[in-house]
Each structure stands twice: as structure tokens, then as C-alpha cells.
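This is what each chain is made of:
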Amino acid sequence: MTILLTGGAGYIGSHISLSLLERESNLIVLDSFINSKLDIFDRVYCILKEKGLFLKNNIQVIKGDIRDKNLLRKIFFDQKLVKKPVDTVIHCAGLKSVRESVINPKRYWDINFEGSKILFSVMTEFDCKKIVFSSSASVYGSSCEGIFSEESEINPSNPYGETKFAIENLLFDITKKKNNDWKILNLRYFNPVGAHSSGLIGDDPVIKNRNIFPILNEVASRKKQELFIFGKSWNTFDGTCIRDYIHVEDLAEAHVKGLDYLSKTKRNFTTINVGTGLGTSVLELVNSFKEINKCQIPIKYVDKREGDVGILIAKVDLASKVLGWTAKRSLKDICKDNWRWQKRNSK
Ligand SMILES: NC(=O)c1ccc[n+]([C@@H]2O[C@H](COP(=O)([O-])OP(=O)(O)OC[C@H]3O[C@@H](n4cnc5c(N)ncnc54)[C@H](O)[C@@H]3O)[C@@H](O)[C@H]2O)c1
């Protein structure tokens, strides 16, 4: 079985690549490297080597864009020719900054939505009908807050979330066609954080990153003066936002379980939240990071960001019931692994 992983050089994609190679899958990574670095796979091979696995032959890394229909056709065609057709796609490629999507929504519609459309059309051409899609809790939006189940109201509050929901709909529409036998797993990630426990791969963006952990690292290593906390009057126990932080290795494992699920399910379309079901406030997170890693994190409260929600936690029963997956790693693991990643890659 050959898996095509789009965006496989990125933060989450590189951890999924590693998990798939660990189970000796035949993998093709397609990535434009717009937000990732070419040396990422040397690091992945290094981790595999440390585990006594030599699987370089199981992976092809192709630099290219999901909007390039001819390239996609060539990938699918070549695999068919060598009798290892692409059986499943894991679709992680795309842009992910909420802030940037507000400034340049057209770019988000072009790369995320149009790119997905092209990918799905080539999959259809080559009879590849299994896909795991990287969606996001941002589809739930800001009209409500608290614990979100897969049935919660959808109301994205920014273009990024809108593109994610539009892609979900595109996939759902495919399953409405008569006699279709597509198997689609739509994973809504909550807040992926942390790094691989080796400290060799982690969140290493090219495009400026607004996620909290890369900023925590910068402040702790004194590359940045202070951490901005957006709002201190949220309706939470300490006034700061509450999020569901999930370790990126747990998230990668959810994809492996997802592939097993797709190979046996009769359902055409399944949406599943991927989180821990636990909420942590930003202040709690900062204090844990300080305590666990014995470092200083000066903070500064600034205004709330437009479109933010106070509490965003996943209801995770379905993930456990359907995929047989639950997050195993703790906040302590997240903080430790993240700091190890920073220390090993301080330059
Ligand atoms: N990290 C998060 O907080 C988060 C949360 C929810 C959902 N997601 C989704 O998960 C997916 C992966 O996120 P990530 O954090 O690993 O992001 P990332 O930016 O690290 O990885 C995305 C990868 O896609 C590649 N890419 C972008 N546009 C491309 C294109 N047109 N063609 C081919 N490759 C392209 C980038 O170079 C990058 O390597 C994204 O779809 C994102 O929207 C991420």
C-alpha cells in the first residue's frame, strides 16, 4: 500500500512521516517546502537509525505544489506503473495562520481550497478513494465556547477556518454521489504542540509563526523579551484563555489509527475531534513551562484578539470509540519535549 502525504515535510506532517515509516509503510511525500526545510528528512532518518530502522527506500520526497495537476497525475501514474498504486492520501498541505488569512484571504482560498479541489479530482481520476484530511477546531468558530463535540455548531470566524470547512464540505459532497465507495476521515485537530522526544524534529516554520510554543521557546531562550497574553478578563478561572493542547506525537499516532480505521470502515465520511479533552489556561501553561524547564518567561497582557474564544476543548469520546485512540502524553511531556527541541536546535 502506498500513502501519499501532502505537506509531509511540515510540523505535523514530519511526525506523521516518522510514524508511518516506523510501521514500514511505502510513503510519498509531496511538499512545496513553502513552510518547511529540506533537511527535515535527514532528521527523520536519524531518528529511525537510532531505533535500528533503515527505511530510506520506503520514502520518496517530491518537491511540488498540490495545485500542480500534471505533477499529481504523474505521481499517481508512476505508482500505477510500478504496481504500487496510491491507496490513501493524508492531506496536510496548506497554510495555517489565522492572522495571515485575514490579511490575505485570497491566498488561503487558492492554496487550501483550490489546491484540495485539484488533489481530489486527480484522486478520482486514479480511483484513489481513501483520504485523511487535516481539518481544524477553527471550524467551530467564536459563536459558542466550552467543550466542542463533532456535532457542535460550525461557524468559522476567519478565512482560514472557512477554507477548512469548505474543504470538509467538498469531501462530504463527493460521498453524496450515487454508488460511491469513498472512505473519508476528517480529523479536526485542536492545539497541536510539543516536539518529538528525540529533540530532532519539531515546529520549525519558515513563515513567521504565531503559535504559543515557538514563542515560549524564544522568550525562555531570551531571543524575545516577553510573551504576550491576549486578554486577562476571559470568563475562566484565571482570566486567560483555555485550550486543549495535544502532543504532536499523539496526533501523528491518531493518523496511523485513522488508516487502520479507513481500511475496515463501511462509513463514507467520518469526522473526529483530535484533542485530549483537557483544558489548560495560558497562564497555567506558562507556569508549567517555567517550572518544568526551570526558566523565566516574562509576560505582558495585551488586548484580546478579534475572533478568539475563551474556552476551546475537544470532546474526545468518538476518537476513543471509533479509532481506539486517546492522547497519552501529558502537559509535562509537551513542555519538556518542546524545550529539548529548542535546546538541540538553538541556532
Ligand atoms: N499546527 C496547528 O496548530 C494546526 C491546527 C489545526 C489544523 N492544522 C492543519 O494541519 C496541517 C498541517 O499543519 P502544520 O502545523 O504541520 O503546518 P506546516 O506549515 O508546518 O505544514 C504544512 C506543510 O504544507 C506545505 N505546503 C503548503 N502549501 C503547499 C502546497 N500548495 N503544496 C504542497 N505543499 C504545501 C508546507 O511547505 C508545509 O511543509 C495544515 O493543513 C493545517 O491547517 C494545523
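Details of the structure are given in the entry above.
Residues numbered from 1 in each chain as written. Predicted model: local features only at pLDDT ≥ 70, side-chain atom pairs only at ≥ 80, totals over all residues. Heavy atoms only, no water.

Enquirer: Tell me what's going on with the packing of aromatic side chains, and back it up with residues and numbers.
Expert: Under the definition given, this model contains nine aromatic pairs. Where Y140 meets F190, the ring centres are 6.2 Å apart and the plane angle is 40°; that geometry is what we call tilted. You can see Y140 sitting in the loop between β5 (130-136) and β6 (146-148) and its partner F190 sitting in the loop between β7 (183-189) and β8 (191-193), a full 50 residues away along the chain. In this structure, Y140 and F190 share a single accessibility class: buried. Between F213 and F289 the ring centres are 6.1 Å apart and the planes differ by 65°, which places this aromatic pair in the edge-to-face class. On the criterion of sequence distance, the pair formed by F213 in helix α7 (residues 212-220) and F289 in helix α9 (residues 282-293) is long-range, its members being 76 residues apart. Accessibility classification places F213 together with F289 in one group, the buried group. Joined through ring pairs, the aromatic side chains of F213, Y245, F289 and W339 make up one cluster. Directly above the aromatic system of W234 lies the positively charged group of K304, at a separation of 4.2 Å from the ring centroid. (Phe/Tyr/Trp six-rings, centres within 6.5 Å; stacked < 30°, edge-to-face > 60°. Helix = DSSP H or I, 4+ residues; strand = E, 2+ residues; numbered from the N terminus. Buried < 20%, exposed > 50% of the residue type's maximum accessible area, 1.4 Å probe, protein only. Lys NZ or Arg CZ within 6 Å of the ring centre and 35° of its normal.)

Enquirer: Any chance you could break down the side chain of K183 for me, citing the residues and the numbers?
Expert: Relative to the helices and strands, K183 resides in strand β7. It turns out K183 is buried and unbridged, and the closest side chain with the opposite charge, D181, is 6.5 Å from it. Excluding its chain neighbours within four sequence positions, the residues that come into contact with K183 are K129, K130, I131, L262, T265, K266, R267 and N268. (Lys, Arg positive; Asp, Glu negative; His and termini not counted. Salt bridge = Lys/Arg side-chain N within 4 Å of Asp/Glu carboxyl O. Contact = heavy atoms within 4.5 Å.)

Enquirer: Residue-level account of the site of the ligand, with values.
Expert: Not every one of the 28 residues close to the ligand is listed here, only the nearest: D31, N35, S36, K96 and Y160. For the ligand, an oxygen atom lies 2.8 Å from a polar atom in the side chain of K96. Bound to the protein, the ligand loses 96% of the 820 Å² it would expose on its own. For the shell around the ligand, the secondary-structure elements that each account for two or more residues are α1 (11-22), β5 and α6 (159-174). Of the residues contributing to the shell around the ligand, the split by class is 13 nonpolar, 11 polar and four charged. (Near = heavy atom within 4 Å. Polar contact = N/O pair within 3.5 Å; in protein donor to acceptor, adjacent residues only side chain to side chain. Areas by Shrake-Rupley, 256 points an atom, 1.4 Å probe, with all protein chains shown as cover. Nonpolar A, V, L, I, M, F, W, Y, C, P; charged D, E, K, R; others polar.)

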